[in-house]
Amino acid sequence: MTINPAAGKPADSSILLNVPKLITAYYELRPDPSDSRQRVVFGTSGHRGSAFDVAFNEWHILAITQAICDYRKQQKIDGPLFLGMDTHAVSEPAFASSMEVLAANNVEVMISEGTPYTPTPAVSHAILLYNRARKSGLADGIVITPSHNPPDDGGFKYDPPHGGPADSSVTSWIESKANDFLERGLDGVKRAQFAKALRAPTTHKHDFLSVYVSDLNNVVDMNAVRDARIKLGVDPLGGAGIDYWPRIAEQYGLDLTIVNKSVDPTFRFMTVDWDGKIRMDPSSPYAMQRLIALKDKFDIAFASDTDHDRHGIVTKGSGLLPPNHYLSACVNYLFANRRNWSEDVAVGKTVVSSSMIDRVSARLGRRLYEVPVGFKWFVEGLLAGRLGFGGEESAGSSFLRRDGSVWTSDKDGIVPCLLSAEITARVGKDPGEIYRDLTRDLGDPIYERIDAPATPEQKTALERLSPADIHATEVAGEPIQQILTAAPGDGNPIGGIKVIAKDGWFAARPSGTEEIYKIYAESFLSQDHLRQLQEEAQTIVSETLARSTQAA
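Residues numbered from 1 in each chain as written. Predicted model: local features only at pLDDT ≥ 70, side-chain atom pairs only at ≥ 80, totals over all residues. Heavy atoms only, no water.

Colleague: It is not clear to me how the pairing of strand E21 (residues 493–501) should be interpreted in this structure. Could you clarify?
Modeller: Strand residues, when the strand is regular, have side chains that alternate between the two faces of the sheet. Taking burial as the measure, the nine residues of E21 include eight buried ones, the bulk of the element. Of the strand pairs in this sheet, strand E20 (residues 482–486) and E21 are connected by four bridges, and their pairing is antiparallel. Looking across to E21, one finds that Ile483 is bridged to Val499. Linking two consecutive strands that pair antiparallel, namely E20 and E21, is a turn of six residues; a positive phi of about 75° is found at Gly491 within it. (Buried < 20%, exposed > 50% of the residue type's maximum accessible area, 1.4 Å probe, protein only. Helix = DSSP H or I, 4+ residues; strand = E, 2+ residues; numbered from the N terminus. Pairing = 2+ DSSP bridges.)

Colleague: Is there a simple way to explain helix H2 (residues 58–75) in this structure?
Modeller: Helical geometry note: an α-helix holds 3.6 residues per turn, so side chains three or four residues apart project in the same direction. Spanning 18 residues, H2 covers 26 Å between terminal C-alpha atoms, matching the ideal 26 Å at 1.5 Å per step. Here H2 lies mainly inside the structure; 15 of its 18 residues are buried. Immediately downstream of H2, the backbone of Lys76 shows phi near 60°, a positive value. (Expected span 1.5 Å × (residues − 1).)

Colleague: For this particular structure, what's the right way to read the nonpolar core?
Modeller: Across soluble globular proteins, you tend to see nonpolar side chains buried next to one another. One finds Tyr212, Leu216, Leu232, Trp245, Ile248, Phe302 and Phe399 to be the most contacted residues of the largest nonpolar core, which totals 68 residues. With eight residues, the single largest contributor to this core is helix H11 (residues 323–337). Contact partners of Trp245, with chain neighbours within four places excluded, come to Val234, Pro236, Leu256, Ile258, Phe302, Ser304, His308, Ile414, Cys417 and Leu418. (Core = buried A, V, L, I, M, F, W, Y, C linked by side-chain atoms within 4.5 Å. Contact = heavy atoms within 4.5 Å.)

Colleague: Can you walk me through the sheet that holds E20 in this structure?
Modeller: Strand pairing in a sheet relies on backbone hydrogen bonds. The paired strands run either parallel or antiparallel. Pairing in this open sheet of five strands is antiparallel, and the strands run E17-E23-E22-E21-E20 from one edge to the other. Where the open sheet ends on each side, the last strands, each with one partner, are strand E17 (446–453) and E20. This sheet shows a mean twist of 15° between the axes of neighbouring strands, independent of strand direction. Sheet strands in contact with helix H16 (residues 456–463) are E17, E21, strand E22 (504–510) and strand E23 (516–523), and its direction is about 125° off that of E22. (Axes fitted to C-alpha atoms, helices over the stretch in contact; angles between N-to-C directions.)

Colleague: What's the story with the pattern of salt bridges in this structure? I'm lost.
Modeller: Oppositely charged side chains can form a pair if their charged atoms are brought close together. Tallying each qualifying case throughout the model produces 32 salt bridges. Between Asp180 and Arg184 there is a salt bridge, with its nearest N and O atoms 2.5 Å apart. With a relative accessible area of 38%, Arg184 lands in the partly exposed category. With a closest N to O distance of 2.9 Å, Asp227 and Arg226 form a salt bridge. Several salt bridges converge on common partners, so that one network encompasses Lys157, Asp307, Asp309, Glu392, Asp410 and Lys411. (Salt bridge = Lys/Arg side-chain N within 4 Å of Asp/Glu carboxyl O.)

Colleague: Can you help me understand the environment of Tyr447 in this one?
Modeller: You can see Tyr447 is positioned in strand E17. Overall, Tyr447 belongs to the partly exposed group, its relative accessible area being 25%. With 295 residues separating them in the primary sequence, Tyr447 and Asp152 have C-alpha atoms 31 Å apart. Setting aside anything within four residues of it in sequence, one finds Tyr447 in contact with Asn324, Val352, Ser353, Ser354, Glu393, Trp505, Tyr520, Ala521 and Glu522. A polar contact of 2.5 Å, which involves the side chain of Tyr447, links it to the backbone oxygen of Val352. (Polar contact = N/O pair within 3.5 Å; in protein donor to acceptor, adjacent residues only side chain to side chain.)

Colleague: Is there a simple way to think about the sheet that holds strand E2 (residues 46–50) in this case?
Modeller: Spatially, E1-E2-E6-E5-E3-E4-E7 is the arrangement adopted by the seven strands of the open sheet, whose pairing is mixed. Strands with a single pairing partner mark the edges of an open sheet, and in this sheet they are strand E1 (42–43) and strand E7 (203–206). Pairing between strand E3 (residues 81–85) and strand E4 (residues 109–112): two bridges, direction parallel. Paired with Leu81 across the strands is Val109, a residue of E4. Set on the sheet, H2 makes contact with E1, E2, E3, strand E5 (140–144) and strand E6 (153–159); between it and E6 the angle comes to about 5°.

Colleague: It is not clear to me how unusual backbone geometry should be interpreted in this structure. Could you clarify?
Modeller: Where the residue is not glycine, phi is negative for most of them; where a peptide bond is considered, it is trans in most cases. The phi torsion at Lys76 lies on the positive side, around 60°, for a residue other than glycine. Looking at where Lys76 falls in the secondary structure, it is placed in the loop between H2 and E3. A positive phi is found at Ser147, a non-glycine position, where the angle reads about 60°. Looking at where Ser147 falls in the secondary structure, it is placed in the loop between E5 and E6.

Colleague: Explain the pairing of strand E16 (residues 396–399) to me, please; I cannot follow it from the model alone.
Modeller: Burial along E16 is two-sided: the face carrying Gly396 and Ser398 and the face carrying Ser397 and Phe399 are both buried. Where strand E15 (residues 387–392) meets E16, four bridges bridge the pair, whose relative direction is antiparallel. Along E16, the bridge assignment pairs Glu392 with Gly396. What sits between E15 and E16 in their antiparallel hairpin is a turn of three residues, with Ala395 showing a positive phi close to 75°.

Structure follows, in structure tokens:
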């Protein structure tokens, strides 16, 4: 990919979001249901888009919320709905739109008390606590967030009673129903005035912050962090956890410095990402330049994205840890130090995460549970306590409580940050040092994701490939040991292929939004070997797709 000259530099005023213009677009532009780009589309993390593109507007949110109300009735979900939002500019208008529909449908809604913002993990945590030991009257939730996406984006996702991301059968139903409402000009959508919705007897305040923070010692050893007196730094990146970190520091007596306390819908305080856009991605070295520059002031520092469901860990010796490095260090530490976890508890990872996790798991004698891309595939395992940890290469993870029971069934960006402090406090080494120790024993892999062009027809063909479609017998000078189109852990399709050799692998998956496919590759040998894997991956995929499209 081409790195923009402005990457890693403070955002120039010329690229800052015009917030009034965006809000006007949210309310004034009407989606055209005949245009696929303006319809409701649920990806792996709900419906996302920009009001400027007529992809995230008032009508979308009214239609989606009514569809969720109808889904709740169909499924007899009649407990409270926990509603949270992040700090993106259109999150507030979307909150108002959803409240109007929820109140008109007499849904018992729990909204945040004390702070307007609610991290994704706090919503999941609230749903699970409420539903614990219940068989009826179950709760569910909505989180209004596009995660780390640029400031003009909005996002809207639904969490069923299991507290995690809804699976495709649920999102397909909601998506279809919402688009039906759009096609009918919102006929059938119930709506109350926002002011009346806030005063409705079905609207209640819930202290997400206190409940979540007070429970943290049951998932992370906060006493060990406090007693070690290590210096911690955190950058909330202007996100939904802005009021959570001061409470965490106060309640647990931590030496924690919040390096940026700003909340600004333009996110003008960010350094821009690789492509010159503002993006609150804690795994990007370009977006994280400010905290990286402060690394020597702290024993360990960290950040979370706008809805606080992703993490970024910064150490003195390593700077910003690549997500795969930290996930490997987490697995190594957790499964060696959580004495109350069952010996049967497995390690969860996505098929495109580093094979270093495989090697760490094998050395620990733990079963590996490999799933397709998307955190939804970890939900049932975390809920049942069969997965001790679920992590994905994009810096999303969650893990069990210290007693082996479920913490959250959605990604949690806060507890992995605090775990990095626990590791540093109890081991005397930061996660970067622990990862370097692992590489001395298990190899030092090089991992990278690149993009290659693909037509819509090729993307469809790539999703439908079977192992028999791959005619190659070796890759990058090594015999191919395995070809996967389904995840080994749960048997679900991975939406592409993964080709594995002794010292490296590649995976190819189509993008859901662009005319490209993504190539993930990892080598345990060298940078040259990685390049060879990437080049041959493109050749193998291109030849396979050519045969597949010709046959079609």
